[in-house]
Protein chains: 2
Amino acid sequence: QLRDRVVELFDTHRTNVWQGTRITITAGPTREAIDPVRYISNHSSGKMGYALAAAAQQLGAEVTLISGPVTLPSPPGVNVIHVESAEQMLAAAQAQTMDVFVSCAAVADYRPAEVSQQKIKKEQKGDDAQLTLVKNPDILKTIATQPQPPFCIGFAAETEKVRQHALDKLQRKQLQLIVANDVSDKQIGFNSDNNAVTVYWQDGEQSFAAQSKQNLANALNELFAQHYFKNKP
Amino acid sequence: QLRDRVVELFDTHRTNVWQGTRITITAGPTREAIDPVRYISNHSSGKMGYALAAAAQQLGAEVTLISGPVTLPSPPGVNVIHVESAEQMLAAAQAQTMDVFVSCAAVADYRPAEVSQQKIKKEQKGDDAQLTLVKNPDILKTIATQPQPPFCIGFAAETEKVRQHALDKLQRKQLQLIVANDVSDKQIGFNSDNNAVTVYWQDGEQSFAAQSKQNLANALNELFAQHYFKNKP
């Protein structure tokens, strides 16, 4: 009975770690239209962001998930907003009131400069074609550098120099935490059910060994909450 | 009892309409890599191609389905070959021995001229970027113009001048049949469960009203089989 009571207390603690906190999470890829049928996108499955949203909700947060096009079911109790492009994702993020922002989506850096209203016919073009791209808005940086920013957590999916790129991004975008993973490893990352990451902050880091994205989502939420409440004014 | 016998005879006839015929069907989009994480693709869901493959198999054909990246289950009894790019899809198609080729995939017309082996960093580029594209091989035309081509059926997904573009394609690619649909209509086409199409051939055409892709797949297979056996030497 004593053991049950201890487990119960411990569970209650875990259940409430995000109590009263509004968290917005972005997930999945974005799609940038070339014409009505073609687009540029990336291999993000959205699994990590959806797992983070489900875990945050279970840990007591009020969660909004802004999702690019994926084939995952909505996590129970989470407010899901579906978007396609980076510009739509930014607009949705700017419309939220939030304490914590977790930018897990693989936002397309560039979009076609012009979107053709009709399907571009192959015969209209030669053997080669130039697609002019313009830079998309940086959603995370936009949110992190607004006058009273939420607690901002970024993700860095890298194929090389993972640590260096992650630390650069932490500074440049004025983030509190950044979660880095090496997507060149096929066992983890994009489309995989497992992931291994290292979280960096101003004066520290913590590594998480390869595990299911569900388990990892719980462990990351615990770490995020520790840092959030430590830094909260 | 007489009624049951008639239904049975009719069903047996329908069941065997493709008996002894080897059909290869392509379905879904292709993905053309920009770098290890980014790609160009299109909105094809693969539903029409998968429905055609399932129906053809039920109508007695030996079916190979060459599928781009989709999220559909493999139809029972169908040999499914998964590919990503147009070049992979062409290689898979050329490796088949077939009597009938149904090109239902939305093959990317162009692919990036160079595929970066590492993720391209946003910081390496300016506000604008040029993506140089090269024309992909025309899978259907390649198969349809080989020395002893199979009976070739194409699909034309158009947003304007549907009839004209379809007839152009029929001539240019030396096809026996072409199935045209207007993907600018959101009620049908890409990602929809319904479709309405018009099939064109050298000296005729037939329209099919909006209906489920399953029903349409059965009706199209009946029409394809009529034309195939009529033209068979």
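This structure is a prediction, so every number in the text was calculated from the model and none was measured.

## Observations concerning the overall build of chain A
So, point 1. Each helix and strand in chain A was counted, giving six helices and twelve strands.
So, point 2. The 233 residues of chain A split such that 52% are buried.
So, point 3. When contacts within chain A are restricted to residue pairs at least 6 apart in sequence, long-range pairs at least 24 apart make up 62% of them.
So, point 4. Element-wise, carbon and sulfur atoms account for 46% of the exposed surface of chain A, whose accessible area totals about 11,000 Å².

## Let's talk about the relation of the copies chain A and chain B
So, point 1. The two copies are related by a screw operation: chain A maps onto chain B through 180 degrees of rotation and 0.0 Å of translation along the axis, at an RMSD of 0.1 Å. Put plainly, the chains are arranged around a two-fold axis. For chain A, the smallest separation between a C-alpha atom and the rotation axis is recorded for A:Ile40, amounting to 2.2 Å.
So, point 2. In this assembly, 100% of the residues forming the interface of chain A have copies in chain B that are likewise at the interface, indicating an isologous arrangement.

## Describing unusual backbone geometry
So, point 1. Even without a glycine there, the phi angle at A:Lys161 is positive, about 45 degrees.
So, point 2. Tracing the sequence through the fold places A:Lys161 in the loop between β9 (151–158) and α5 (162–172).

## Some thoughts on the sheet that holds strand β11 (residues 194–201) of chain A
As a general point, the strands of a sheet are linked pairwise by backbone hydrogen bonds and lie either parallel or antiparallel.
Residue and element names in this part refer to chain A.
So, point 1. The strand order across the open sheet built from eight strands is β5-β4-β1-β6-β9-β10-β11-β12, with neighbouring strands paired in mixed fashion. The sheet is open, and its two edges are formed by β5 (79–82) and β12 (204–212), each paired on a single side. On average, each strand axis in the sheet is inclined to that of its neighbour by 15 degrees, with strand direction left out of account.
So, point 2. Across four bridges, the pairing between strand β1 (residues 22–27) and strand β6 (residues 100–103) is parallel. Bridging across to β6, Thr26 finds its partner in Ser103.
So, point 3. Its contacts with the sheet place helix α3 (residues 86–94) against β1, β4 (62–67), β5 and β6, and it is angled at close to 165 degrees to β4.
So, point 4. Strands in contact with helix α6 (residues 213–231) are β6, β9, β10 (177–182), β11 and β12; relative to β12, the strand with the most contacts, it is inclined by about 160 degrees.

## Side note on the pattern of salt bridges
So, point 1. The full count for this structure, using the stated rule, is 14 salt bridges over all chains.
So, point 2. B:Arg22 is the salt-bridge partner of B:Asp99, the closest N and O atoms lying 2.9 Å from each other. Taken as a pair, B:Asp99 in the loop between α3 (86–94) and β6 (100–103) and B:Arg22 in strand β1 (residues 22–27) lie far apart in primary sequence, 77 residues in all.
So, point 3. Linking B:Asp35 and B:Arg38 is a salt bridge whose minimum nitrogen-to-oxygen distance equals 2.5 Å. Each member of the pair, B:Asp35 together with B:Arg38, is buried.
So, point 4. Taken together, the shared-partner salt bridges in this structure form one network comprising A:Asp35, A:Arg38 and B:Asp109.

## A word on helix α6 (residues 213–231) of chain B
So, point 1. For α6(B), with 19 residues, the first-to-last C-alpha span of 26 Å sits near the 27 Å given by 1.5 Å per residue.
So, point 2. B:Lys213, B:Leu216, B:Ala217, B:Leu220, B:Asn221, B:Glu222, B:Leu223, B:Phe224, B:Ala225, B:His227 and B:Tyr228 are the residues of α6(B) that are buried.

## Structural notes on the packing of aromatic side chains
So, point 1. As enumerated under the stated definition, the model contains eight aromatic pairs over all chains in all.
So, point 2. Between the aromatic rings of A:Trp18 and A:Phe229, the centroid separation amounts to 6.3 Å while the plane-to-plane angle is 45 degrees, which identifies the pairing as tilted. Taken together, the residues A:Trp18 in the loop between α1 (2–15) and β1 and A:Phe229 in helix α6 connect sequence positions 211 residues apart.
So, point 3. Aromatic pair B:Tyr228 and B:Phe229: ring centres 4.9 Å apart, planes at 65 degrees, arrangement edge-to-face.
So, point 4. Residue B:Tyr228 is classed as buried on the basis of its relative accessible area, which comes to 8%.
So, point 5. On the basis of relative accessibility, which here comes to 37%, the residue B:Phe229 falls in the partly exposed class.
So, point 6. Grouped by ring-pair contacts, the aromatic residues A:Trp18, A:Phe151, A:Tyr228 and A:Phe229 constitute a single cluster.

## Points about the confidence of the model for chain A
Atomic detail in the predicted coordinates should be set aside for any region of low pLDDT.
So, point 1. With 90% of its residues at a pLDDT of 70 or more, chain A has an overall mean of 90.
So, point 2. Our summary of model confidence lists the complex with pTM equal to 0.83 and ipTM equal to 0.80.

## Section: the state of the cysteines
So, point 1. Using the criterion set out here, one finds zero disulfides over all chains in the structure.
So, point 2. Take B:Cys152: it sits in no disulfide, and the sulfur closest to it among the cysteines is that of B:Cys104, at 14 Å.

## Some details on the pairing of β1(B)
Residues and elements named next belong to chain B.
So, point 1. Where burial is concerned, most of β1 is hidden: five out of the six residues are buried.
So, point 2. Examined bridge by bridge, β1 and strand β4 (residues 62–67) share six bridges and lie parallel to one another. Looking at β4, one finds that Thr24 is bridged to Thr64.

## Quick notes on the sheet that holds strand β7 (residues 110–112) of chain B
So, point 1. What the four strands build is an open sheet, ordered β7(A)-β8(A)-β8(B)-β7(B); its pairing is antiparallel. Of all strands in the sheet, those bounded by a partner on one side alone are β7 (110–112) of chain A together with β7 of chain B. Within this sheet the neighbouring strands show an average axis-to-axis angle of 45 degrees, counted without direction.
So, point 2. Here three bridges tie β7(B) to strand β8 (residues 128–135) of chain B, and the two strands are oriented antiparallel to one another. Counted as the bridge partner of B:Tyr110 is B:Lys135 from β8(B).

## Considerations on the pairing of β8(B)
So, point 1. By the bridge criterion, seven bridges tie strand β8 (residues 128–135) of chain A to β8(B) in an arrangement that is antiparallel. Paired with A:Thr132 across the bridge in β8(B) is B:Gln130.

Cut-offs used in this document
Residues numbered from 1 in each chain as written. Chains lettered and ligands numbered in written order. Predicted model: local features only at pLDDT ≥ 70, side-chain atom pairs only at ≥ 80, totals over all residues. Heavy atoms only, no water. Helix = DSSP H or I, 4+ residues; strand = E, 2+ residues; numbered from the N terminus. Buried < 20%, exposed > 50% of the residue type's maximum accessible area, 1.4 Å probe, protein only. Contact = heavy atoms within 4.5 Å. Areas by Shrake-Rupley, 256 points an atom, 1.4 Å probe, with all protein chains shown as cover. Least-squares fit on C-alpha atoms with pLDDT ≥ 70 in both. Pairing = 2+ DSSP bridges. Axes fitted to C-alpha atoms, helices over the stretch in contact; angles between N-to-C directions. Salt bridge = Lys/Arg side-chain N within 4 Å of Asp/Glu carboxyl O. Expected span 1.5 Å × (residues − 1). Phe/Tyr/Trp six-rings, centres within 6.5 Å; stacked < 30°, edge-to-face > 60°. pLDDT = per-residue confidence, 0-100. Disulfide = S-S within 2.5 Å.

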